[in-house]
Amino acid sequence: MALPPKNMPVRRPREEEEEVSPLEPPNIEAYVLPRLEMRFETFKEAKDFYNVYAKHMGFAVREGSKVKTRVYIYCTCYGVYESKVSEANRQRNKTIARTNCGAKMRLKWEKDGTLVVKEIVWEHNHRLQLTPQMLVFLHFHKNFDKTILEYVKYLQFKGIEHAQIMSILGGDDPCSYFLEMNAKDLINLKVKNSRMDDVDDVLKTVNFFREMKAINREFFCDMQLDESDRVKNIFLTNASCRGAYQDFGDYVTFGTTYKTNKYHMPLGVFVGTNNHL
């Protein structure tokens, strides 16, 4: 086999490259700084540690490509964003724009299944959001306390209005402990709570019908299912309405709403008149 010329450099395979740490690390607390040869048991552990460092520095992170021998964790501004919407038709700007930032941490898989830090790039090519008021917009730093999430759910199902919940959480107080939850976060959380509560809505409805039937035998209800055994139509009427129809059934109107509820189903109401009108 022919040898390469003496003046030609020989490049070693990527996985055998030495540790690289371009430039100097930032001047922050040492316990949050990633270091070369740091070892992590799992990728989640490595990502969580780098995310803590990112929060102290004022940027967000995202997972990079994963191959057999190595994985990457990038600054969220890594790469170049190619918009599918023209600037003329864009309705709002992205909170975080990709600037092809090179800040990253590269880790290598070891034979024992652990991950070891092999490369750290400290420098960013964009401004870091160092204030708490801006950090709340970075997705990776929105880790809300479970107690607060349960408290919001309790207030929501007690019928407390959105503005009142924000006031209770201290959303207008710049020194509030709950600063990380902004108005949009609260809306998203309430929608999520509603969806989770909807999971057993049919069961709750059936149980309600059973309770009503046990109270009054004249209560009537019926359900129609579709080909997938999902609820298609629900009809119900109570005893007083059935009695009123027998006495004043000469004129009855029927009107519907147009799928204005969260189930995207029309609501039809039978309305009659009696001798009190």
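Below: a short report on this structure. (Residues numbered from 1 in each chain as written. Predicted model: local features only at pLDDT ≥ 70, side-chain atom pairs only at ≥ 80, totals over all residues. Heavy atoms only, no water.)

Turning next to the pairing of strand 2 (residues 61-66). As paired elements, strand 2 and strand 3 (residues 70-75) share four bridges and run antiparallel to each other. Residue pairing across strands places Val 61 opposite Cys 75, the latter belonging to strand 3. Between the end of strand 2 and the start of strand 3, which pair antiparallel, lie three residues. (Pairing = 2+ DSSP bridges. Helix = DSSP H or I, 4+ residues; strand = E, 2+ residues; numbered from the N terminus.)

Membership of the largest hydrophobic core comes to 24 residues, with the highest contact counts inside it found for Phe 59 and Leu 107. For this core, the secondary structure elements donating two or more residues are helix 1 (43-57), strand 3, strand 4 (104-109) and strand 5 (115-121). Here this core takes seven residues from helix 1, the largest share from any one element. Apart from residues no more than four positions distant in its own chain, Leu 107 is found in contact with Phe 40, Ala 46, Thr 69, Arg 70, Val 71, Ile 73, Leu 115, Val 116, Val 117 and Lys 118. In terms of nonpolar packing, the next biggest core, distinct from the first, is built from eight residues, Ile 148, Ile 165, Leu 186 and Leu 189 among them. (Core = buried A, V, L, I, M, F, W, Y, C linked by side-chain atoms within 4.5 Å. Buried < 20%, exposed > 50% of the residue type's maximum accessible area, 1.4 Å probe, protein only. Contact = heavy atoms within 4.5 Å.)

Looking at the largest pocket, its volume works out to about 1400 Å³. Forming the boundary of the largest pocket are 35 residues, of which Ile 234, Phe 235, Leu 236, Leu 267 and Gly 268 lie nearest the centre. Of all the secondary structure elements, the ones that give two or more residues to the lining of the largest pocket are helix 6 (201-215), strand 7 (231-237), helix 7 (239-247), strand 8 (252-256) and strand 9 (268-272). Top contributing element to the lining of the largest pocket by residue count: strand 7, with seven residues. For the lining of the largest pocket, the residue count by class is 21 nonpolar, 11 polar and three charged. (1 Å grid on protein atoms, 1.4 Å probe; cavity = no way out; pocket = protein on both sides within 12 Å on 5 of 7 lines; lining within 4 Å. Points joined across faces, edges and corners; volume = space filled by probe spheres on them. Nonpolar A, V, L, I, M, F, W, Y, C, P; charged D, E, K, R; others polar.)

Next up on the list: the pattern of salt bridges. Within the structure shown, the criterion is met by six salt bridges. With its nearest N and O atoms 2.9 Å apart, the salt bridge here joins Lys 118 to Glu 37. Here Lys 118, found in strand 5, pairs with Glu 37, found in the segment before strand 1 (39-40); they are 81 residues apart in sequence, far enough to count as distant. Of the charged contacts in the structure, one is a salt bridge between Lys 44 and Asp 48, with a shortest N-O distance of 2.8 Å. You can see Lys 44 and its partner Asp 48 sitting in helix 1, four residues apart, about one turn around the helix. Exposure remark for Asp 48: the relative accessible area of 34% places this residue in the partly exposed category. (Salt bridge = Lys/Arg side-chain N within 4 Å of Asp/Glu carboxyl O.)

Turning our eyes to something else, we now look at the sheet that holds strand 5. Paired through backbone hydrogen bonds, the strands of a sheet run either parallel or antiparallel to each other. Spatially, five strands are ordered 1-5-4-3-2 in an open sheet, and the strand pairing comes out antiparallel. Of all strands in the sheet, those with a lone pairing partner are strand 1 and strand 2, marking the two edges. Pairing of strand 4 with strand 5, which is carried by six bridges, proceeds in the antiparallel orientation. Each bridged residue has a counterpart across the sheet, and for Lys 104 the counterpart in strand 5 is Val 121. Seen against the sheet, helix 1 touches strand 1, strand 2, strand 3, strand 4 and strand 5 and runs at an angle of roughly 145° to strand 2. (Axes fitted to C-alpha atoms, helices over the stretch in contact; angles between N-to-C directions.)

Attention shifts here to the side chain of His 126. Within the fold, His 126 resides in the loop between strand 5 and helix 2 (132-135). In this structure the side chain of His 126 is engaged in a polar contact, spanning 3.4 Å, whose partner is the side chain of His 124. (Polar contact = N/O pair within 3.5 Å; in protein donor to acceptor, adjacent residues only side chain to side chain.)

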